[in-house]
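# Close look at the chain arrangement
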Amino acid sequence: TSPLVLHFTLKAGAPFTLDQTEYQLGFGESATVNVDFDASYRGDRVSHRHKTKLSVVYKDHPQKDSMELLADVTFPNLALETDTVDFGCVLNETVRKVYLLITNTSK
C-alpha cells in the first residue's frame, strides 16, 4: 500500500465516450467511470460488433494499461434472396406468382 495520490487519464476510441477523462485517487479511494456507446455512429442500421480499447495513462509513470470495450449493435435485419423480382411479360387478365426467400438475419 502506498499513501501516494494516483493521477491518470482514461481514453476511449469513438463511438465510445467517457463522462470524465482525468482522475486523481488517494489511497483506498475509488471512482465510477461512465462509458457511453453511440449505436447510430455508422448510420447504416446493420447489426455488428464494435471493439476498441479503454486506455489508462498514468501521470509521471511509463506504465500504461488497457481493457477491451465491446458493443453488440443489434437491429432487425432481413436478407433478400435477390435484388430484383422480375415478373417478365404478364398478359392482361392473368396472374403470375414469383416466390422470394426472405431471411431474418438479426442476432
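Above: the structure in question.
Figured I'd write up the structure that's included with this text. If you're wondering where the values come from, they're calculated on a predicted model, not measured in any experiment. Along each chain, residues carry numbers from 1 onward, in the same order as the chain's sequence is written. Where local features are concerned, this predicted model is filtered to residues with pLDDT of at least 70; where side-chain atom pairs are given and counted, the filter is 80 or more; whole-chain, interface and lining totals use all residues. For side-chain calculations, the full set of non-hydrogen atoms in the structure is used, while hydrogens and water are omitted.

The sheet built from 4 strands is open, its strands ordered β3-β1-β5-β6 with antiparallel pairing. With one partner strand each, in any of the chains shown, β3 (22–25) and β6 (64–73) form the two edges of the open sheet. Strand-to-strand twist across the sheet, computed as the mean angle between neighbouring axes with direction ignored, equals 25°. Pairing of strand β1 (residues 6–12) with β3, which is carried by 4 bridges, proceeds in the antiparallel orientation. Paired with His-7 across the strands is Gln-24, a residue of β3. DSSP bridges decide pairing: two strands pair if at least two such bridges lie between them. Where helices and strands are cited, they refer to DSSP runs of H or I of at least four residues and of E of at least two residues respectively, numbered from the N terminus. Here an angle of 0 to 180 degrees is reported between the N-to-C directions of two axes, which are lines fitted to C-alpha atoms, with helices fitted over the stretch in contact.

Here we come to the side chain of Thr-9. For Thr-9, the position within the fold is in strand β1. Contact criterion: two residues are considered in contact whenever any of their non-hydrogen atoms come within 4.5 Å of each other. In this structure, Thr-9 is in contact with Thr-21, Glu-22, Ser-55, Val-56 and Val-57, ignoring residues within four places of it in sequence.

Our focus in this paragraph is the pattern of salt bridges. Here, a salt bridge means any Lys or Arg side-chain nitrogen found within 4 Å of an Asp or Glu carboxyl oxygen. Tallied over the entire structure, the rule returns 3 salt bridges. Across the pair Lys-51 and Glu-68 runs a salt bridge whose closest N-O atoms are separated by 3.9 Å. With a gap of 17 residues between them, Lys-51 in strand β5 (residues 48–58) and Glu-68 in strand β6 connect regions that are remote in the sequence. Relative accessibility under 20% of the residue-type maximum defines a buried residue, over 50% an exposed one, and the middle range a partly exposed one, all with a 1.4 Å probe and only protein chains included. According to the relative accessible area criterion, Glu-68 is partly exposed, its value standing at 41%.

A separate point is the packing of aromatic side chains. Each pair of aromatic rings is reported with the distance of its centres and the angle of its planes. Any two of the Phe, Tyr and Trp rings considered here, Trp counted by its six-membered ring, make a pair once their centres fall within 6.5 Å; the pair's planes then place it as stacked at under 30 degrees, edge-to-face at over 60, or tilted in between. Evaluation of the coordinates by the stated rule reveals 4 aromatic pairs. Taken together, a centroid distance of 5.3 Å and an interplanar angle of 10° make the contact between Phe-8 and Tyr-23 stacked. Here Phe-8 is found in strand β1, whereas its partner Tyr-23 is found in strand β3, with 15 residues between them in sequence. Under the relative-accessibility criterion, Phe-8 is labelled buried at 12%. Judged by relative accessible area, Tyr-23 falls into the buried class, the value being 6%. Judged by centre distance (4.8 Å) and plane angle (50°), the ring pair of Phe-16 and Phe-37 falls under tilted.

Both β1 and β5 contribute to a ladder of 5 bridges, which runs antiparallel. Counterpart to Phe-8 in the pairing with β5 is Tyr-58.

Let's shift gears to unusual backbone geometry. Omega for the peptide link from Ala-14 to Pro-15 comes to 10°, which places this bond in the cis form. With respect to the helices, strands and loops of the structure, Pro-15 is situated in the loop between β1 and β2 (16–18). If you check the backbone angles, Arg-45 has positive phi at about 55° while not being a glycine. Residue position: Arg-45 is located in the loop between β4 (35–37) and β5. Note on Arg-45: relative accessible area 62%, which makes it exposed. Even without a glycine there, the phi angle at Glu-93 is positive, about 60°. Turning to its location among the elements, Glu-93 is positioned in the loop between β7 (78–80) and β8 (102–104).

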